[in-house]
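Structure assessment
These are the residues of each chain, in order.
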Amino acid sequence: MPTRDTSAEAGTPDVQAGEKSIATIATLRVGVKLYVYHENSKEHRLAEILSIQTRKGTPHYYVHYEEFNKRLDEWVPPTRLDLAKEVEWPRPDRPAKKPEKVAKASTPRETPTSTTARVPKRPRRGDSLGPGTPTLVQKGSNKKARTSALPEDDLVVQSETVGDVGTPEDEEVDEESVEIDPKAAAARATPAKQSGASGTPETFSKEHEIEKLRTSGSMTQSAHEISRVRNLSKLQIGKYEVEPWYFSPYPVEYTEEEMVFICEFCLSYFGEEKRFQRHRTKCTLLHPPGNEIYRDSAVSFFEIDGRRQRTWCRNLCLLSKCFLDHKTLYYDVDPFLFYIMTTRDEYGCHMIGYFSKEKESAEGYNVACILTLPQYQRHGYGKLLIAFSYELSKREGKLGSPEKPLSDLGLLGYRAYWQDTIVDLLLSNKGLETTIDELASLSAMTTQDVIHTLQNLNMLRYFKGQHVICLTDAILSQKQKQVEKQKIKGKRTLDPELIQWKPPVFTAANRTWNW
């Protein structure tokens with residue numbers, strides 16, 4: 001993709017970093033903050049230039065609006081820049097600190113605090129280092145170093161209260177409940193048990209978390225993926241024109257097109273409308289190329305094997321990467337099954353969304369990636385996709401959980417589904433004793449997801465020496481309002497009896513590449 005920084009050609013203005021002054025098109029560079037006309041709000045907003053490209057002889061600027069979600073970043077022409085106001089020039093990056101030399105253990109005189117950095121002696125075979133041995137974790141200055149030296153089995157919960165419940169705040173749940181900072185992405189690659197696994201879980205605040213997701217919108221663990229700017233301007237999918245949210249590895253020649261045309265049946269992509277229209281006259285596909293395993297009056301579900309339909313599934317992954325910033329799979333589709341949800345009319349089956357799952361998941365995940373296309377969002381289809389994935393888990397006789405980390409919208413969708421499912425089960429068993437294991441088996445959710453949801457809703461209480469589940473007045477009031485709202489707008493539901501599906505059995509060759 002041809003990228004050129006025009007400030008390198010015209011020279012940098014003679015101003016100090018961080019100062020404000022009047023700029024011109026020739027002096028703009030990456031990192032400059034200026035006011036840009038925002039079409040949706042019809043006003044100028046402060047934005048930062050993240051990248052500069054020259055398209056057909058005209059520079060275009062990729063900007064991020066301050067306090068706006070990352071998916072609202074966009075390419076703008078020079079006509080939308082307000083150069084009448086002063087701009088703020090970027091500050092230079094701080095020089096990297098030189099790594100400090102570690103003092104040798106044999107010369108304790110050089111470092112007066114070297115006694116606190118000694119490695120604990122290895123225990124003898126007869127010694128016991130269970131969770132009740134506090135001597136190795138009560139040294140505040142060397143807590144992390146000492147706990148990491150212990151065997152993995154010794155890292156257990158800290159208190160009897162948390163241990164009785166089986167807290168879900170492990171590394172899997174933490175990844176979806178915190179915001180991933182690009183600078184800390186490398187540090188997060190280390191196992192959570194070595195850093196902070198013994199910390200107290202922070203309280204859940206829905207308002208605070210939604211605000212974080214609104215302003216960042218990124219759940220990826222790869223700093224390289226975060227730094228990549230959106231490369232496509234607009235997509236035409238059927239009768240809808242959609243703006244992509246994130247980078248997708250489409251061929252380079254499509255990045256300079258104003259519109260990329262995508263066939264909504266075979267998902268082939270074209271840069272010219274004439275080529276797309278010629279393809280539509282020849283394309284005979286009217287539904288996803290797989291087996292229809294569910295149909296009701298509103299939607300249908302198709303099951304597609306990534307090994308048998310490689311081209312179609314790769315095109316699907318390229319399209320979904322435009323709306324999922326954490327997704328990295330778009331080529332090796334053989335080990336996955338894809339479940340496509342469609343709506344029907346006289347022209348064919350139009351894709352609403354999909355989810356994928358591994359043919360053989362060692363971690364027990366029932367969803368790898370899940371997406372509802374933007375033109376169909378906020379219509380209840382997301383919960384329908386989630387519900388269908390759990391219905392398949394019930395047919396398999398397994399407990400399932402989505403692969404972590406979830407995207408921002410996927411995180412909110414799953415938490416809403418978990419809450420509705422658990423509250424409905426508790427209301428249906430009102431007056432009867434129910435355990436967490438029973439809730440997990442009835443909903444096909446893992447016990448960790450059940451406990452995580454109960455803790456977020458403040459429904460776990462400690463009473464007479466044991467933990468009990470209680471429905472609070474706030475939860476009952478919220479449920480009543482939701483029922484009244486559903487009576488007006490309606491609710492999308494699935495009929496499990498209409499599912500025509502049996503768990504597939506794969507050989508080792510069918511799960512991976514087999515040329």
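Thresholds applied
- What you see as residue numbers is a count from 1 along each chain, following the sequence as written.
- Only residues with pLDDT of 70 or above have their local features reported here, since the model is predicted, and side-chain atom pairs are shown and tallied only from 80 upward, although totals for entire chains, interfaces and linings are computed over all residues.
- Only hydrogens and water are removed before side-chain values are computed, so all heavy atoms of the structure are retained for them.
- UniProt positions are given in the numbering used here, feature names are shortened, and annotations may be inferred rather than shown by experiment.
- We treat two strands as partners when DSSP finds at least two bridges between them.
- A helix here means a DSSP run of H or I that spans at least four residues, while a strand means a run of E at least two residues long, and both kinds are numbered starting from the N terminus.
- Interaxial angle, 0 to 180 degrees, is taken between N-to-C directions of lines fitted to C-alpha atoms, where a helix line uses only the stretch in contact.
- Only heavy atoms matter for contacts: two residues are in contact if any of them lie within 4.5 Å across the pair.
- By convention, a stacked pair of Phe, Tyr or Trp rings (six-membered ring in the case of Trp) has centres within 6.5 Å and planes under 30 degrees apart, an edge-to-face pair has planes over 60 apart, and any other such pair is tilted.
- Counted as over-ring charges are cases with an Arg CZ or a Lys NZ within 6 Å of the ring centre that also lie within 35 degrees of the ring normal.
- Each residue's exposure class comes from its accessible area (1.4 Å probe, protein chains only) as a fraction of the maximum for that residue type: buried when under 20%, exposed when over 50%, partly exposed otherwise.
- Any angle from 65 to 115 degrees is called roughly perpendicular, while one under 35 is roughly parallel, one over 145 is roughly antiparallel, and all others are oblique.

Per an unreviewed UniProt entry, the chain goes by the name Histone acetyltransferase ESA1 and belongs to Tuber aestivum. Recorded in UniProt under Sequence similarities (unreviewed entry), the annotation for the chain is "Belongs to the MYST (SAS/MOZ) family."

1. Brief notes about the sheet that holds strand β14 (residues 336-345)
Spatial ordering of the open sheet is given by β12-β13-β14-β15-β17, a layout of 5 strands whose pairing is antiparallel. One side of each edge strand has no neighbouring strand; the edge strands of this open sheet are β12 (291-295) and β17 (369-372). Across the sheet, the mean angle separating the axes of adjacent strands is 25° when strand polarity is ignored. Taken together, the 10 bridges between β14 and strand β15 (residues 348-358) define a ladder with antiparallel strand orientation. Residue pairing across strands places Phe336 opposite Glu358, the latter belonging to β15. Where helix α10 (residues 381-396) meets the sheet, it contacts β12, β13 (299-305), β14, β15 and β17, and its direction lies at approximately 50° from that of β15.

2. Describing the packing of aromatic side chains
Taken as a whole, this structure holds 18 aromatic pairs when the rule is applied. Put simply, the rings of Tyr294, Phe301, Tyr339, Phe355 and Phe388 pair up and form one aromatic cluster. A cation sits over an aromatic face here: Arg71 above Trp245, 4.3 Å from the ring centre. The lysine or arginine in question, Lys85, covers the ring of Tyr35, its NZ or CZ lying 4.5 Å from the ring centre.

3. Observations regarding the UniProt feature "active site" (unreviewed entry) in the chain
In this numbering, the UniProt entry assigns the feature "active site" (unreviewed entry) to Glu403. In this fold, Glu403 is placed in the loop between β18 (401-402) and α11 (408-428). On the basis of relative accessible area, Glu403 is assigned to the partly exposed category, the value being 29%. Not counting the four nearest positions on each side in its chain, Glu403 is found in contact with Glu358, Tyr365, Val367 and Ala368.

4. What about the sheet that holds strand β11 (residues 269-270)?
Read across the open sheet, the 4 strands follow the order β9-β8-β10-β11; overall the sheet is mixed. The sheet is open, and its two borders are formed by β9 (240-242) and β11, each paired with just one other strand. Both strand β10 (residues 260-262) and β11 contribute to a ladder of 2 bridges, which runs antiparallel. Bridge pairing in β11 places Phe261 opposite Phe270.

5. Focus on the packing of α11 against helix α14 (residues 473-489)
The contact between α11 and α14 brings their axes to 12 Å, and the two run at 105°. The angle between α11 and α14 places the two elements in the roughly perpendicular class. Taking contact as the criterion, the partners of Gln419, Asp420, Val423, Asp424 and Leu427 in α11 are, on α14, Ile475, Leu476, Gln478, Lys479 and Gln482.

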